[in-house]
Amino acid sequence: GGDVWFEMSRVNFSKDGQRYTFATWEREKELLRIYVGDSASNAKPKILLERRGNVGHEVVDVVTPQFTPDGKELMAVLDEQGFRQPYRISLENGEATAILKGEFEAHQILGFTPDSQSMFVLSNRDDFAAMNVFKVELATGAMTSFGKAGDFHRTTSVSEDGKWIASVAGQWSSPPELKVITTTNSNKTTASKTLTNSHDPAWNAVHLLQPERFSYTNRHGDK
């Protein structure tokens, strides 16, 4: 309180409950830390990673370190190269290694497959005006998208077995609704099912114009 701003992420435990991890941000010191502790010990958790300076916004809610299901690796979202993406944090020395490559956001880790080989994230890799769900192969960084192209996915959860995704998703031409997506169906047209119909059709009478997306290139050459 007062002149000191201190934030702490939620505490995440390894699946076996033996270890826990969390992140802290001290705004006045511009100090980001990731801690790992032993659940069976009274010892203070150790500082695994430390960053100073401008490390991005929405700090601890985005960083949110968490263990893979096998407890062998720690993942966290960092802003090391100008985009928020998941990094593998060494439990031995705190070294951060990028999992993805490219100029796009992948700002939220949603979960993992039970074998700890894959991870689910929210990312705008294919469309900067959208936010889709992707499955990431941890060994290679290969990404597979789910959900309808152009949809902005919010409030997204992945089942513990990695077979189902639930998300509130919509876009310019369709209001957001709760959708469920199966990750085991290779046919993307049948992999998604809309569960809700929460928008009153009476609004269609006043929706005389539908927004249409367009793009242009500015004087700097940016699209």
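Below you will find a few notes about this structure. Sequence order as written defines the numbering, with residues in each chain counted from 1. Local features in this predicted model are restricted to residues of pLDDT 70 or higher, and side-chain atom pairs are both shown and tallied only at a pLDDT of 80 or more, whereas totals for entire chains, interfaces and linings draw on every residue. Only heavy atoms go into the side-chain values, all of them from the structure, while hydrogens and water stay out.

1. A word on the overall build of the protein chain
- Helix and strand assignments follow DSSP, with helices taken as H or I runs no shorter than four residues and strands as E runs no shorter than two, numbered in order from the N terminus. If you tally the helices and strands in the protein chain, you get 1 helix and 17 strands.
- Put simply, the protein chain has 223 residues, and 41% of those count as buried.
- Counted over contacts in the protein chain with a minimum sequence separation of 6, partners at least 24 positions apart contribute 28%.
- Counted as positive: Lys and Arg. Counted as negative: Asp and Glu, with His and the chain ends omitted from the count. Where a charge lies is defined by one atom per residue type, namely NZ (Lys), CZ (Arg), CG (Asp) and CD (Glu). On the protein chain, the mean spot of the 25 positive side-chain charges and the mean spot of the 29 negative ones are 3 Å from each other. Exposure classes here rest on a 1.4 Å probe applied to the protein chains alone. A residue is buried below 20% of its type maximum, exposed above 50%, and partly exposed in between. It only takes one pair of heavy atoms within 4.5 Å for two residues to be counted as in contact.

2. Looking at the environment of Ile34
- The residue Ile34 is located in strand 4 (residues 31-38) in this model.
- Ile34 sits 113 residues away from Gly147 along the chain, and the two C-alpha atoms are 32 Å apart.
- Not counting the four nearest positions on each side in its chain, Ile34 is found in contact with Thr21, Phe22, Ala23, Lys46, Ile47, Leu48, Leu49, Val63, Pro65, Leu74 and Ala76.

3. As for the sheet that holds strand 11 (residues 118-123)
- Think of it this way: DSSP has to see at least two bridges between two strands before they count as a pair. Spatial strand order, 10-11-12-13: 4 strands in an open sheet with antiparallel pairing. Bordering the open sheet on either side are strand 10 (108-112) and strand 13 (143-146), each of which pairs with just one other strand. Strand-to-strand twist of the sheet, defined as the mean angle between neighbouring strand axes without regard to direction, takes the value 30°.
- The pairing of strand 11 with strand 12 (residues 132-137) spans 6 bridges and is antiparallel. The residue of strand 12 that forms the bridge with Val121 is Phe134. Angles shown run from 0 to 180 degrees and are taken between the N-to-C directions of axes, each axis being a line fitted to C-alpha atoms and, for helices, limited to the stretch in contact.

4. Details of the nonpolar core
- Leu32, Ile34, Val63, Leu74, Leu78 and Ile89 are the most contacted members of the largest nonpolar core, which has 18 residues in total.
- Within the residue set of this core, elements represented by two or more residues are strand 3 (19-26), strand 4, strand 5 (46-52), helix 1 (59-63), strand 7 (74-78) and strand 8 (85-89).
- Setting aside its immediate chain neighbours within four residues, Leu32 contacts Thr24, Trp25, Leu49, Glu50, Arg51, Val55, Val59, Val63 and Leu78. We call a set of buried Ala, Val, Leu, Ile, Met, Phe, Trp, Tyr and Cys residues a nonpolar core when their side-chain atoms join them within 4.5 Å.

5. Details of the side chain of Ser123
- Tracing the chain through its elements places Ser123 in strand 11.
- Residue classification places Ser123 among the buried positions, given a relative accessible area of 1%.
- In protein, a polar contact means a hydrogen-donor-capable atom and an acceptor-capable atom, both N or O and within 3.5 Å, with residues adjacent in sequence counting only if both atoms are side-chain atoms; elsewhere, any N or O pair within 3.5 Å suffices. Looking at Ser123, its side chain comes within polar contact range of the main-chain oxygen of Glu105, at 2.7 Å.
- When residues no more than four places from it in sequence are discounted, the contact partners of Ser123 are Phe104, Glu105, Ala106, Met131, Asn132, Phe134 and Met143.

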